[in-house]
Amino acid sequence: MARVGGLRVLVAGASGYTGALAARLLWRHPEFELVAVTSRSDVGRRLDDLYPYHRVPLVLDALDLDRQGDVEAAIVAYPHGASAPVVAQLRERGIRVVDLSADFRLRDLEVYGEWYGEHGAPELLPEAVYGLPELYREQVPDADVVANPGCYPTATLLALAPLARAGLIGDVVVDAKSGVSGAGRTASDTTHFVSADENVTPYGVPRHRHRPEIDQELAALGAPVVATFIPHLLPLDQGELVSCYVTLADGALTEQDLAALYRDAYTGEPFIELVGRPPGVRDVRDTNICRIHTRLDERTGKALVFAVIDNLWKGAASQAVQNLNLMFGLDEAAGLE
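Below: a short report on this structure. Each chain has its residues counted from 1, running along the sequence as written. Whole-chain, interface and lining totals are the exception, using all residues; otherwise, since this is a predicted model, local features are given only for residues with pLDDT of at least 70 and side-chain atom pairs are given and counted only at 80 or more. Values shown for side chains rest on all heavy atoms present in the structure; no hydrogens or waters enter the calculation.

Before going further, it helps to spend a moment on the overall build of the protein chain. When helices and strands are counted, the protein chain shows 11 helices and 14 strands. Taken over C-alpha atoms, the radius of gyration is set against a globule rule of 2.2 Å times the number of residues to the power 0.38. In terms of overall size, the protein chain behaves like a compact globule, its C-alpha atoms giving a radius of gyration of 19 Å where 337 residues would be expected to give roughly 20 Å. When its C-alpha atoms are laid out on the principal axes, the protein chain stretches across 60 × 45 × 40 Å. Here's how the labels work: a residue is buried when its accessible area is under 20% of the maximum for its type, exposed when over 50%, partly exposed in between, all with a 1.4 Å probe on protein chains only. Here the protein chain, with 337 residues, has 55% of them falling under the buried criterion. Pairs at least 24 apart in sequence give 70% of the contacts found in the protein chain among residues at least 6 apart. For the protein chain, the accessible area works out to roughly 14100 Å², and carbon and sulfur atoms hold 49% of it. Separation between the mean location of the 30 positive side-chain charges and that of the 47 negative ones in the protein chain comes to 4 Å. For helices the rule is a DSSP run of H or I covering at least 4 residues; for strands it is a run of E covering at least 2, with both sets numbered from the N terminus onward. Two residues form a contact once any of their heavy atoms are found within 4.5 Å. All accessible areas in this document rest on Shrake-Rupley with a 1.4 Å probe, and a residue is counted as covered only by the protein chains that are shown. His is not counted, nor are the chain ends, whereas Lys and Arg count as positive and Asp and Glu as negative. In this description, the location of a charge corresponds to atom NZ of lysine, CZ of arginine, CG of aspartate or CD of glutamate.

If you want it as structure tokens, here you go:
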């Protein structure tokens, strides 16, 4: 049951996979009150009819801030391009926003234009904070616009951040794999069951849109490299694995040094688990957890880093709630454990 009298929140775009999951998490949240769910395609339908599993008994409505704008916060789960104007409307009313699209992730407007086209609210870019809490925990609480990272950048950056901060990345290849839910509700030729079942397919070669996001954040961490990033589609509904092969800038790193580097970086992090064997996507299904395993390949001298997340949870909806918790001074893990 939703908590009545809490911080009022709406989810715009709640008929998609990530928006629906965000609505579910907020509906059960101890401090937030989910008061509206909107959709551009399923107006009039109850969310628990569209997604019975989530058990959110609210009717999807068209977005109308004259009726729905009496809220403190919003999660916007629109595609890139469509999201920015909605975020601008929300900010005009003083509503704080976590945006799940790519519209506010890239700081350079020219780079955004190269990968996504014309930006719908460029005036908001300077105030947006990149919403990876493990890297930007100090900045998120004061932000009014938080750009929720993409699922692939979330796993990749968590996997590589300790090495990047230490100046140890000379070059990196990221071999990434994700379930079909990452493509959204509308099936394409590659994500259709007939194409995806019993198959593994690389896609977005060589210009996947998450590449500039990964490069931007690695550079911000002190590793100005151009990563080789190749995603693959797996016949899974959800789950994501990134395998990172790092050519070290300093070849003197030992296995013990590598393990200590990650322990120092992530001890005390509520949603990071360092494990002694390569993780699988089932290990973190339906959680906000990222599991990481590191090894040093003595033959090649490369550092091998493996990270798994649930692409719908830590890669999208639950991370959005984690950011909302930080924005409103709540326990970061509230509603996520």
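Here a helix's expected span is defined as the number of its residues, less one, multiplied by 1.5 Å. The end-to-end C-alpha separation of helix 7 (residues 151-165) is 21 Å, in line with the 21 Å expected for 15 residues at 1.5 Å each. Two axes are fitted around each residue, one to the seven residues ending there and one to the seven starting there, and the angle between them is reported as the bend at that residue. Along helix 7, the sharpest change in direction is near 40° and occurs at Ala159; proline Pro162 comes one to four residues later. After helix 7 finishes, the residue Gly167 shows a positive phi value of roughly 70°.

Among the secondary structure elements, Glu213 is positioned in helix 9 (residues 211-220). Not counting the four nearest positions on each side in its chain, Glu213 is found in contact with Arg105, Leu106, Tyr130, Pro149, Gly150 and Pro153.

Moving on, we come to the packing of helix 1 (residues 17-27) against helix 11 (residues 313-327). The convention used is that axes are lines fitted to C-alpha atoms, helices contributing only their stretch in contact, and that angles between N-to-C directions extend from 0 to 180 degrees. For the pair helix 1 and helix 11, interaxial distance at closest approach is 9 Å and the crossing angle is 40°. What the angle tells us is that helix 1 and helix 11 run oblique. The two elements helix 1 and helix 11 cross, and the hand of that crossing is right-handed. In this structure, helix 1 uses Thr18, Leu21, Ala22, Arg24, Leu25 and Leu26 to contact helix 11, whose residues at the interface are Trp313, Ala316, Ala317, Ser318, Val321 and Leu324. Working rule for angles: under 35 degrees goes down as roughly parallel, over 145 as roughly antiparallel, 65 to 115 as roughly perpendicular, anything else as oblique. Helix crossings get a hand from a simple test, with the near helix turned counterclockwise from the far one by less than a right angle marking a left-handed crossing and a clockwise turn marking a right-handed one.

Here we come to the sheet that holds strand 7 (residues 145-147). One requirement defines pairing of two strands: DSSP has to find at least two bridges between them. Taken in spatial order, the 7 strands make up an open sheet running 3-2-1-4-5-7-6, and their pairing is parallel. Every interior strand has two partners, whereas the edge strands, strand 3 (60-61) and strand 6 (128-130), have only one.

Quick look at the nonpolar core now. Ile75, Leu163, Ile169 and Leu218 are the most contacted members of the largest nonpolar core, which has 85 residues in total. Here this core takes 10 residues from helix 7, the largest share from any one element. Not counting the four nearest positions on each side in its chain, Ile169 is found in contact with Leu160, Leu163, Ala164, Leu218, Ala223, Val225, Val246, Thr247 and Ala249. Here, nonpolar core refers to any group of buried Ala, Val, Leu, Ile, Met, Phe, Trp, Tyr and Cys residues whose side-chain atoms link them within 4.5 Å.

Let's shift gears to the packing of aromatic side chains. For this analysis, a ring pair means two rings from Phe, Tyr or Trp (six-membered ring only for Trp) whose centres lie within 6.5 Å, classed as stacked if their planes differ by under 30 degrees, edge-to-face if by over 60, and tilted for the remaining angles. Summed over the entire model, instances satisfying the criterion amount to 6 aromatic pairs. Ring plane angle 70° and centroid distance 6.3 Å describe the contact between Tyr17 and Tyr51, whose orientation is recorded as edge-to-face. In this pair, Tyr17 is assigned in helix 1 and Tyr51 in the loop between helix 2 (47-50) and strand 3, connecting sequence segments 34 residues apart. Of the residues examined, Tyr17 reaches a relative accessible area of 30% and is grouped as partly exposed. Plain terms: the ring middles of Tyr262 and Tyr266 are 6.3 Å apart, the flat faces sit at 50° to each other, and that makes the pair tilted. Remark: Tyr266 and Tyr262 occur in helix 10 (residues 255-266); sequence separation between them is 4 residues, near one turn of the helix. With a relative accessible area of 5%, Tyr266 lands in the buried category. Two conditions define a charge sitting above a ring: the NZ of Lys or the CZ of Arg must be within 6 Å of the ring centre, and it must be within 35 degrees of the ring normal. Above the ring of Tyr78, the side-chain terminus of Arg40 is found at 4.7 Å from the ring centroid. Across the ring face of Trp115, the terminal group of Arg207 is positioned such that the distance to the ring centre comes to 4.0 Å.

It is worth spelling out the pattern of salt bridges at this point. One speaks of a salt bridge when a side-chain nitrogen belonging to Lys or Arg is within 4 Å of a carboxyl oxygen belonging to Asp or Glu. Within the structure shown, the criterion is met by 21 salt bridges. Among the ionic pairs, Arg45 bridges to Asp49, the shortest N-O distance being 2.8 Å. Taking the relative accessible area as the measure of exposure, Asp49 reaches 45% and is therefore partly exposed. Between Glu273 and Arg291 there is a salt bridge; the shortest N-O distance is 2.7 Å. With Glu273 in strand 12 (residues 272-274) and Arg291 in strand 13 (residues 290-297), this pair connects stretches of sequence that are 18 residues apart. On the basis of relative accessible area, Glu273 is assigned to the partly exposed category, the value being 28%. One salt-bridge network, held together by shared partners, links Arg91, Arg96, Glu127 and Asp144.

Next up on the list: helix 10. Along its 12 residues, helix 10 runs 17 Å from first to last C-alpha, staying within 8% of the 16 Å computed at 1.5 Å per residue. Of the residues making up helix 10, those classed as buried are Leu258, Tyr262 and Tyr266. End-on, the buried residues of helix 10 take up no more than an arc of 45°, which puts them together on one face. In helix 10, the exposed positions angled more than 90 degrees off the buried face are occupied by Gln256 and Asp264. Directions pointing from the helix axis toward each C-beta atom define the arc.

What follows covers the environment of Leu100. Its location among the elements puts Leu100 in the loop between strand 5 (96-99) and helix 5 (109-116). When the C-alpha atoms of Leu100 and Ile75 are compared, they prove to be 7.3 Å apart, with 25 residues separating the residues in sequence. Sequence-distant contacts of Leu100, defined by excluding residues within four places in its chain, comprise Thr18, Ile75, Val76, Ala77, Arg105, Asn148, Ala316 and Ala320.

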